[in-house]
Amino acid sequence: MKHSITVTWIALLVLTIAVSIISTIAKEWAIVLILAFSFLKFTGIAFYFMELKKAHIFWKLALLLFLGFFYILIWSIL
């Protein structure tokens, strides 16, 4: 348990650094990559730190569907 939380925390830090680097360097694919990394970060936080991995399957699917619709909506506006 302790090991998986540490690995998740380090992955979140790496993704945060990657988003900051991508936002300054890459221009054409920056929005898509930032949205993809933020999706990974949000699911990492929700499943490991908010312990959604122990929740009922309904809540897991509800979160993933909401995120999917949200990012499709944002991507369609851009």
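See the structure shown above.
Residues numbered from 1 in each chain as written. Predicted model: local features only at pLDDT ≥ 70, side-chain atom pairs only at ≥ 80, totals over all residues. Heavy atoms only, no water.

S.K.: Just to check I follow, could you spell out the overall build of the protein chain for this structure?
M.R.: Within the protein chain, the regular secondary structure consists of three helices and zero strands. Secondary structure elements of the protein chain occur, N-terminal to C-terminal, as α-α-α. Once the C-alpha set of the protein chain is aligned to its principal axes, its extents read approximately 40 × 30 × 10 Å. Looking at the protein chain as a whole, 22% of its 78 residues are labelled buried. Within the protein chain, residue pairs in contact and separated by at least 24 positions form 55% of the contacts whose partners lie at least 6 positions apart. (Helix = DSSP H or I, 4+ residues; strand = E, 2+ residues; numbered from the N terminus. Buried < 20%, exposed > 50% of the residue type's maximum accessible area, 1.4 Å probe, protein only. Contact = heavy atoms within 4.5 Å.)

S.K.: Would you explain helix 3 (residues 57-77) in this entry?
M.R.: Since one α-helical turn is 3.6 residues long, residues separated by three or four positions face the same way. With 21 residues, helix 3 ought to run about 30 Å at 1.5 Å a step, and its terminal C-alpha atoms sit 30 Å apart, in line with that. Residues of helix 3 that are buried: Lys 60, Leu 63, Leu 67 and Tyr 71. Angularly, the buried residues of helix 3 cover 70 degrees about the axis, an arc narrow enough to put them on a single face. Counted as exposed and oriented over 90 degrees from the buried face of helix 3: Ile 57, Leu 65, Phe 66, Phe 69, Ile 72, Ser 76 and Ile 77. Contacts made by the buried residues of helix 3 are with helix 2 (30-49). (Expected span 1.5 Å × (residues − 1). Arc of directions from axis to C-beta.)

S.K.: Just checking my understanding: could you explain the nonpolar core for this structure?
M.R.: Within soluble globular proteins, side chains that are nonpolar tend to cluster in buried spots. One finds Leu 35, Ala 46, Phe 47, Leu 52, Leu 63, Leu 67 and Tyr 71 forming the largest nonpolar core, which totals seven residues. At the level of elements, helix 2 and helix 3 are the ones that each hand at least two residues to this core. If sequence neighbours within four positions are ignored, Ala 46 has contacts with Glu 51, Leu 52 and Leu 63. (Core = buried A, V, L, I, M, F, W, Y, C linked by side-chain atoms within 4.5 Å.)

S.K.: Can you help me understand helix 1 (residues 2-25) in this one?
M.R.: A rise of 1.5 Å per residue sets the reference length of helix 1, with its 24 residues, at 34 Å; its end C-alpha atoms lie 35 Å apart and thus fit the reference within 8%. For helix 1, every residue scored as buried is listed here: Thr 8, Leu 12, Leu 15, Val 19 and Ile 22. Elements in contact with the buried residues of helix 1: helix 2.

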